[in-house]
Amino acid sequence: MSSREIIHHTISFVKETLKNAEGGHDWFHIERVYKNSLLIAKTEAVDVFIVSLGALLHDIADSKFYNGNETIGPKIAREFLFKLNVDSTVIEHVINIINHISFKSSLEGKQKFKSPELDVIQDADRLDAIGAIGIARTFNYGGFKNRAIYNPKVPPALNMTKAEYKASTAPTINHFYEKLLLLKDKMNTETGKQLAKQRHEFMELYLKQFYAEWEGEV
């Protein structure tokens, strides 16, 4: 089976698997990350096949929807790629990407696995967490979890551990300070940094407007 055929099968598999997923982690999220990964990959020395598979499978079973179980996504991805007879070294690389791509993984300290392909996909995934789409996804998930939009009496929790981050039930606005506004300075590639700058500035403008409306100033 050619690389193109494998990617085609992977797209079909992900679409079917995520057809009932929460709106911020559905096929359209995967598609945006996939497209941005390919865009960033144009300026990086990477294996585009691995980038494609990693981007398409990175959220095949996000742990936040499986009671925090971080083993399900890699297991599903491994079994799927094995059935397609994908080379074992490619499979292991993709599994490592899935295991290390998330923001919460960065809260553990020094990242245990690094590769140019992970850098590209991680930037693409982080880009989808900021800007206009990032704001929409954040409030969609907050509503999905029935969280308050904002509570002035609940300050953001900075410098959380991975366990604290996973257990957080804070108002949605807090998530801007606990994650979204931190991502610009965590980008790996030059293209990612350039794209993140404008999206970051949009979030800052949004928060300024949000607080002004909250206080009845505009």
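Refer to the structure above for everything that follows.
Here the structure is a predicted model, which means the values were calculated and not measured.

*Asks:* Account for the environment of leucine 84, with residues named and values stated.
*Replies:* On the secondary structure map, leucine 84 appears in the loop between helix H4 (72-83) and helix H5 (88-100). Judged by its relative accessible area of 13%, leucine 84 is buried. Counting along the chain gives 94 residues from leucine 84 to glutamate 178, while the straight-line C-alpha distance between them is 39 Å. Excluding anything up to four places from it in sequence, leucine 84 contacts Met1, Ile6, His9 and Thr10.

*Asks:* Tell me about the packing of H4 against H5, residues and numbers included.
*Replies:* At a minimum axis separation of 10 Å, H4 and H5 run at an interaxial angle of 160 degrees. Relative to H5, the element H4 lies roughly antiparallel. Like other packed secondary-structure pairs, H4 and H5 cross with a definite hand, here right-handed. For the pair H4 and H5, contact is made by Pro74, Ala77, Arg78, Leu81 and Phe82 and by Ile91, Glu92, Val94, Ile95, Ile98 and Asn99, respectively. When its residues are assigned to classes, the contact of H4 with H5 shows eight nonpolar, one polar and two charged.

*Asks:* If you had to explain the side chain of threonine 189 to someone new, which residues and values would you point to?
*Replies:* In this fold, threonine 189 is placed in the loop between helix H9 (172-178) and helix H10 (190-214). With a relative accessible area of 4%, threonine 189 lands in the buried category. In this structure the side chain of threonine 189 is engaged in a polar contact, spanning 2.7 Å, whose partner is the side chain of aspartate 123. Apart from residues no more than four positions distant in its own chain, threonine 189 is found in contact with Ile40, Glu44, Asp119, Val120 and Asp123.

*Asks:* If you had to explain helix H7 (residues 131-144) to someone new, which residues and values would you point to?
*Replies:* With 14 residues, H7 ought to run about 20 Å at 1.5 Å a step, and its terminal C-alpha atoms sit 20 Å apart, in line with that. Inspection of H7 places Gly131, Gly134, Ile135, Arg137, Thr138, Tyr141 and Gly142 among the buried residues, and these make up the whole buried set. End-on view of H7: buried residues confined to an arc of 165 degrees, all on one side of the axis. Across H7 from its buried face, at more than 90 degrees, point the exposed residues Ala132 and Gly143. Buried-residue contacts for H7 involve helix H2 (27-41), H9 and H10. Of the residues trailing H7, asparagine 146 is marked for its positive phi of about 55 degrees.

What counts, and where the lines are drawn
Sequence order as written defines the numbering, with residues in each chain counted from 1. Totals for whole chains, interfaces and linings use all residues, but because this is a predicted model, local features are given only for residues with pLDDT of at least 70 and pairs of side-chain atoms are given and counted only at 80 or more. Hydrogens and water molecules were not included; the side-chain quantities draw on all heavy atoms of the structure. Note on conventions: DSSP H or I runs of at least 4 residues are helices, E runs of at least 2 residues are strands, and numbering of each starts at the N terminus. Buried means the residue's accessible area, taken with a 1.4 Å probe over protein chains only, is under 20% of the maximum for its type, while exposed means over 50%, and partly exposed covers the values in between. Residue contacts follow a heavy-atom distance rule, with two residues in contact if any of their heavy atoms lie within 4.5 Å. Axis definition: a line fitted to C-alpha atoms, limited for helices to the stretch in contact. Angles are taken between N-to-C directions and run from 0 to 180 degrees. Note that the term roughly parallel is reserved for angles under 35 degrees, roughly antiparallel for angles over 145, roughly perpendicular for angles of 65 to 115, and oblique for everything else. The handedness criterion is simple: a crossing whose near helix is rotated anticlockwise from the far helix by less than a right angle is left-handed, and one whose near helix is rotated clockwise is right-handed. Nonpolar residues are Ala, Val, Leu, Ile, Met, Phe, Trp, Tyr, Cys and Pro. Charged residues are Asp, Glu, Lys and Arg, and all others, Gly as well, are polar. By the criterion applied in these results, polar contacts are pairs of N or O atoms within 3.5 Å in which, for protein atoms, one can donate a hydrogen and the other can accept it, and in which residues neighboring in sequence qualify only through two side-chain atoms. To estimate the expected span of a helix, subtract one from its residue number and multiply by 1.5 Å. As used here, the arc belongs to the directions running from the helix axis to the C-beta atoms.

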